[in-house]
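Spelled out from the first residue to the last, the chains are:
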Amino acid sequence: MKRILAFGGWIALLLVSLTGCLFGLAEDLYRLPEGSPGYEDLTQRINEVRSALEREYSAVVEYAQIYSGEHISTVQLQDLDGDGQRETAVTFFRLPGAERPLKIFFFTLQPDESYRVTAALEGDGAAINAVDYVDLNREGLKEVVVSWQVSSGVYQLGVYSLDERMTHRGQSGLEGPAVPPLSSLLGTELLSTNYSDYKLIDLDEDTQTEVAVVRLDQAGENSTLDLYGWGDDGLGRQSSARLSNGITALRRVRTGYVAGELPTPAIYVTSDLIDGAQAVDILAWRGNEVRNVVLDADTGVSRERLRLPEGVDLTDINGDAVLEIPHLRALPSYGENAGDFWLTDWEQYDRYAECSSVCTTYHNIADGWYLEIPDSWQDRLTISRNDVTSGQRAVIFSLWNDAETEPTRFLVLYKLTGVNRATRATTGDRFILWEDANTIYSAAFYASGWDCGLDEAGVRERFHLILPSWSND
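This one's a predicted model, so the numbers in the text were calculated from it and none came from an experiment.

K.L.:
Looking at this model, I keep getting lost on the pattern of salt bridges. Mind explaining?
P.N.:
Side-chain pairs of opposite charge can arise where the charged atoms are in close proximity. In the structure shown here, the tally under the stated rule is 18 salt bridges. For Arg237, the salt bridge identified is with Asp226, shortest N-O distance 3.7 Å. Of this pair, Arg237 sits in strand 13 (residues 234-242) while Asp226 sits in strand 12 (residues 224-231); the two residues are 11 residues apart in sequence, bridging distant segments of the chain. Here Arg237 falls in the exposed class, since its relative accessible area comes to 55%. Judged by relative accessible area, which is 3%, Asp226 ranks as buried. Note that Glu289 and Arg291 form a salt bridge whose closest N and O atoms lie 2.6 Å from each other. Overall, Arg291 belongs to the partly exposed group, its relative accessible area being 28%.

Listed below in C-alpha cells is the structure:
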C-alpha cells in the first residue's frame, strides 16, 4: 500500500513539474500528504546529493533546464527496466563554473520504499536540450540519450548505458555511503558526437531502435544522415547517406513513412538552400543501407526543391501515415478583387523513388480551413474573396472562362464571427460546415447552371480545419 501511495503522489508531482516551474523554487507545491514515505525519502536523497556536490565544487547547485522533447521536467519518474513500474527518479543539476557543469542523477526505489542513488551522467554546456530513454540493445534496461547544449546553437549528442551502475535494485535499506563518489556512479558512454538534429527510429524495421543523426556541413557540400544501431561490437554507425548540396540551414527533421504495400519508416529532412529554395530529402532503408530516395545523382540536390510560403509544410494530408509533399500551383485571376490564389498538389514517394499524386487542396491558412478539390474542377477553377462585411470572410469558387470574361460563381465558403454569426450562417441557402463557441464555417451554392459534382454532404466531407500539425510536429 505504501508503494501505491508513493507512486500516486509522484504522479501529482510530475504533473506540476511539467508546467515548467523549477522543483527547488516551488517545493511547497510538491509536498505530499503525510504517509508518503517514498517522496519524503527521495526528497532527502536529492538534498543529500545537492549538498555533497556543493561541498565538492564549492558552488551553488541549480536545477538544469531542459528545453525540448517529451521529457522536460527537472525531476522525472521513469521505468528504465521495462517492468511496467516507474521505479527510477531522474534529477538534473547544473554547477556553474565546474569543468563538466551538467549532472544527471538516477535514484532507484528499493523494496523498503527508500531510494538509493544508483547512477549518474555528466556533460558540458549551459543546459540540456533534450533527453530520451530507449532500449537500443534489447537487453531490458533502457539506454539514455542526452542532447547537451554546449552553447547557443551548438549541441553534443551522448548515448549512455547504465547497465553496470543500476546494480542496487532489490537490496534492502541503504548500504554504504548515502552519496557514493561520482566516479563510481557514472554510466558508460556509448556514443558522443556533434549533430544538427537527431531522431530515434527503427528505420530498417528489425524491431530495434536506431539513432539517426543529421549533420550539416558548414561549407554546404557534405551534409549527411548517419544511422547508429546496435551490433556485435555495441553501438556503431550502420549506414550513412548524403543530403542535398547547398544546404545553409535546417528547417525541420521529421519521422514518418513512405508509401508501399505496407508503409515503410522514413526520415524527412527539410532544409534551406543557398538559392532561397527549400530541399526535401527523404531517407529510407533499402538494400541493407539507408538511401536518400529523392537525391539527384547529377546535381547532388533533392528532386524536391520547393518554395513554400510560411505555414505550408509536409503533412499526412490523407491520413495514410505517409507524409505528402506540397506543390503550389497558381490559379488564374480576374478583376481587382481576385487576389493571389494557389492550389496545392500533394505527392508521396515510396522507398524506390516512385512518386504518385494523392490529392489537390485549396488551403486558406488565414481562415484556418482547407477544401479537397474534385478532379472535375482541375484547370477550370479560379478563386476570389470578399471580406467587406464585418465578421464575415468569404472565399468564392468560380468557373474560369477566359481572361476577358467574368468567371461564373458556383460556391462560396464563409468564416463567420461576432454576435450574429448563428443567424448569418443559415441565411438564405447557406448550410453549416463546422462550428465552435466562437466561429461558424458555412457555405452556399450559387445558381450557376454548372454541375460542380458536389452537394451539401459532399462539401462537408471535403471541408477540413487546419490542425496545428499542419505547421508543427
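K.L.:
Help me out: how do you make sense of the nonpolar core in this one?
P.N.:
In summary, soluble globular proteins display a tendency toward joint burial of nonpolar side chains. One finds Trp377 and Phe397 to be the most contacted residues of the largest nonpolar core, which totals 25 residues. Membership of the second largest hydrophobic core comes to 20 residues, among which are Phe106, Ala119, Val144 and Leu162.

K.L.:
Whenever I open this one, the environment of Glu456 confuses me. Can you help?
P.N.:
Position of Glu456 among the secondary structure elements: in helix 5 (residues 456-462). Expressed as a C-alpha distance, the spacing of Glu456 and Leu433, which sit 23 residues apart in the sequence, is 8.8 Å.

K.L.:
Just checking my understanding: could you explain the side chain of Asn245 for this structure?
P.N.:
Inspection of the secondary structure assignment puts Asn245 in the loop between strand 13 and strand 14 (247-258). Overall, the relative accessible area of 18% leaves Asn245 in the buried class. In this structure, Asn245 is in contact with Gly220, Glu221, Leu273, Thr299, Gly300 and Val301, ignoring residues within four places of it in sequence.

K.L.:
Is there a simple way to think about the environment of Leu465 in this case?
P.N.:
Summarising the element assignment, Leu465 is placed in strand 28 (residues 463-465). Expressed as a C-alpha distance, the spacing of Leu465 and Tyr370, which sit 95 residues apart in the sequence, is 6.2 Å. Leaving out residues up to four positions away in the same chain, Leu465 has contacts with Gly368, Trp369, Tyr370, Trp434 and Tyr441.

K.L.:
Help me understand the pairing of strand 4 (residues 102-109), please; the structure alone is not making it clear to me.
P.N.:
Both faces of the sheet carry side chains from a regular strand, because those side chains alternate between them. Burial runs high along strand 4: 8 of the 8 residues are buried. Alternating positions in strand 4 separate into two faces, Leu102, Ile104, Phe106 and Thr108 on one and Lys103, Phe105, Phe107 and Leu109 on the other, with burial throughout. Two strands pair when backbone bridges link them, and strand 4 and strand 5 (residues 115-123) are joined in this way by 8 bridges, in the antiparallel orientation. Paired with Thr108 across the two strands is Arg116, which belongs to strand 5.

Calculation rules
- Residues numbered from 1 in each chain as written.
- Predicted model: local features only at pLDDT ≥ 70, side-chain atom pairs only at ≥ 80, totals over all residues.
- Heavy atoms only, no water.
- Salt bridge = Lys/Arg side-chain N within 4 Å of Asp/Glu carboxyl O.
- Helix = DSSP H or I, 4+ residues; strand = E, 2+ residues; numbered from the N terminus.
- Buried < 20%, exposed > 50% of the residue type's maximum accessible area, 1.4 Å probe, protein only.
- Core = buried A, V, L, I, M, F, W, Y, C linked by side-chain atoms within 4.5 Å.
- Contact = heavy atoms within 4.5 Å.
- Pairing = 2+ DSSP bridges.

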